[in-house]
Amino acid sequence: MGKFEQVLVLEVESAKDKSKETEGGKYRRDSPWLVEAFAKKGVRSNIVFLRNGDTAESLVKANPATAFLGRVNPMDYSEIRLEEYVAMLNGLKDAGVLLGPDAEHMDRLGSKMILYELRDTAMGIDGVLLHDFAALQKNEGEIDSIIPVGSPPRVLKMLRGSTGLGVWKLENSASDEGNVLLTDAYTQTTDEIPRDDVIPRFLALCQEDAISMPFLPLIKDGEFRFLMSRHEVLEVVHKRPVDESAFTATLRSGAVYTTIDLVEHRDMVDAVVQWSYDIKSTLGLADVPYWWSVDCIEEEVGDGGLKPGRIPSGNPGRRLVLSEINCSCLGLVADTSAEAKAKGMRFADMIADIVLKD
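Predicted model only: the values in this text are computed from it and were never measured.

A. Structural context of the overall build of the chain. Regarding its fold elements, the chain presents 10 helices and 15 strands. Here the chain has a C-alpha radius of gyration of 21 Å; the compact-globule value for 358 residues is 21 Å, and the two agree. For the chain, the C-alpha atoms occupy an extent of roughly 65 × 45 × 40 Å along the three principal directions. Across the 358 residues of the chain, 52% fall into the buried class. Considering only contacts in the chain between residues 6 or more positions apart, those separated by 24 or more positions represent 66%. Here the chain contributes 41 positive and 58 negative side-chain charges, whose respective centroids are spaced 5 Å apart.

Structure, rendered in structure tokens:
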């Protein structure tokens, strides 16, 4: 990265992710931290807003010897549509001036489809199924694949969404085999509805393929979140639900976040790092994201012990199962504590070190 004299952090002015902590409340909370981190490395940096008509070619022409870092939640804006933003990222990548994010990472790793693609890998689990949108639309027995009558609980997930949106736990009713109990991870509510009504209700929320998978009961004990830059784990957070009946471990649902000691859990951390290298070949990726999180739920390993290649949890007798990957525009810190800025600045410094070495 020695050829770059400047790093521009890209934002969209009309986005709803601005922080009052920033100058004039104009920017994302973490963008100024990244600007400061790059400046510490001797590279000029600034935040610029994307405008109508901006392209990779126009940005490169107007900013010679410059690298670009996108901090835009992928969606349509008045200034730039999603497809235009993706084309811009691809163009900057082709020009060799993109620090991140990679549009391919956003599309593949950021989708719940990744749980299906990685079902046979170290953090995969048996029983992950892909449900084609056309089959869901027909609604002719597809529900029996999603949750067979008499089966243990399963989870139905739409491919995009956050904070539990479009994630449903389905459980066969004990009183009426024609009904299922539907627990919505987003609203934290449970309804008993006819089996045939599940898919129409789901398609009212999203019009796309979906996946289903076994329900992992140890979600009651929470999730591990690995915050990573490329292949380096910067922090591990344990997210514990507000109570054992909760079906999600998000701040929105009241989960408690606790930072895990990396040295104490070195075996688990090292195994996740190795997994991050392994998935590059599995998925045919040239690299992994500059900033991403890997969320995992635990599973009991059983009497046979941990199978070769599986990833051990920090808790004895358990392994890690992939729950979700976030990489589109992950914030550097989620909490609002007094220590958050110092932590975010530390992460920004580490990210700057890693991406400027690439």
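B. Examining the packing of aromatic side chains more closely. Under the defined criterion, the tally for this structure stands at four aromatic pairs. For the ring pair Tyr-27 and Phe-49, a centre distance of 5.6 Å and an interplane angle of 25° mean the geometry is stacked. Of this pair, Tyr-27 sits in the loop between strand S1 (6-11) and helix H1 (31-40) while Phe-49 sits in strand S2 (residues 44-49), and the two are 22 residues apart along the sequence. With respect to burial, Tyr-27 and Phe-49 carry one shared label: buried. Geometrically, the ring pair formed by Trp-275 and Trp-292 is stacked, given 6.3 Å between the ring centres and 20° between the ring planes. Taken together, the residues span a long stretch of sequence, with Trp-275 in helix H9 (residues 266-283) and Trp-292 in strand S14 (residues 292-300) at a distance of 17 residues. Note that Arg-119 overlies the ring of Tyr-116, its terminal NZ or CZ placed 3.9 Å from the centroid. Sitting over the face of the ring of Phe-215, Lys-169 holds its NZ or CZ atom 4.2 Å from the ring centroid.

C. Region of the structure containing the nonpolar core. In terms of nonpolar packing, the biggest core is built from 45 residues, with Phe-38, Leu-50, Leu-92, Trp-291 and Ile-351 touching the most fellow members. No other element matches helix H10 (residues 340-357), which puts eight residues into this core. Not counting residues up to four positions away in its chain, the partners in contact with Phe-38 are Val-7, Val-43, Ser-45, Leu-69, Leu-99, Ala-352, Val-355 and Leu-356. The next biggest cluster of nonpolar side chains, apart from the first, holds 43 residues, and it includes Met-113, Leu-285, Leu-320 and Cys-327.

D. Expanded view of the pairing of strand S9 (residues 189-194). Pairing of strand S8 (residues 179-184) with S9, which is carried by six bridges, proceeds in the antiparallel orientation. Its bridge partner lying in S9, Leu-181 is registered against Glu-192. Where S8 hands over to S9, the hairpin turn is made up of four residues, of which Gln-188 adopts a positive phi near 60°.

E. Examining the sheet that holds S14 more closely. Ordered by their spatial adjacency, five strands build an open sheet running S13-S12-S11-S14-S15, and the pairing between neighbours is antiparallel. Edge positions in the open sheet fall to strand S13 (256-260) and strand S15 (318-326), since each of these has one partner strand only. On average, adjacent strands in this sheet sit at an angle of 30° to one another, irrespective of strand direction. In this structure, strand S12 (residues 232-240) lies alongside S13, joined through five bridges in antiparallel fashion. Directly across from Val-237, in S13, lies its bridge partner Thr-259. Of the strands in this sheet, strand S11 (223-229), S12, S14 and S15 touch H9, which is tilted by about 60° from S11. Here H10 sits on the sheet and contacts S11, S12 and S13; the angle it forms with S12, its principal contact strand, is near 145°.

Reading the values: the criteria
Residues numbered from 1 in each chain as written. Predicted model: local features only at pLDDT ≥ 70, side-chain atom pairs only at ≥ 80, totals over all residues. Heavy atoms only, no water. Helix = DSSP H or I, 4+ residues; strand = E, 2+ residues; numbered from the N terminus. Rg over C-alpha atoms; globule rule 2.2 N^0.38 Å. Buried < 20%, exposed > 50% of the residue type's maximum accessible area, 1.4 Å probe, protein only. Contact = heavy atoms within 4.5 Å. Lys, Arg positive; Asp, Glu negative; His and termini not counted. Charge placed at Lys NZ, Arg CZ, Asp CG, Glu CD. Phe/Tyr/Trp six-rings, centres within 6.5 Å; stacked < 30°, edge-to-face > 60°. Lys NZ or Arg CZ within 6 Å of the ring centre and 35° of its normal. Core = buried A, V, L, I, M, F, W, Y, C linked by side-chain atoms within 4.5 Å. Pairing = 2+ DSSP bridges. Axes fitted to C-alpha atoms, helices over the stretch in contact; angles between N-to-C directions.

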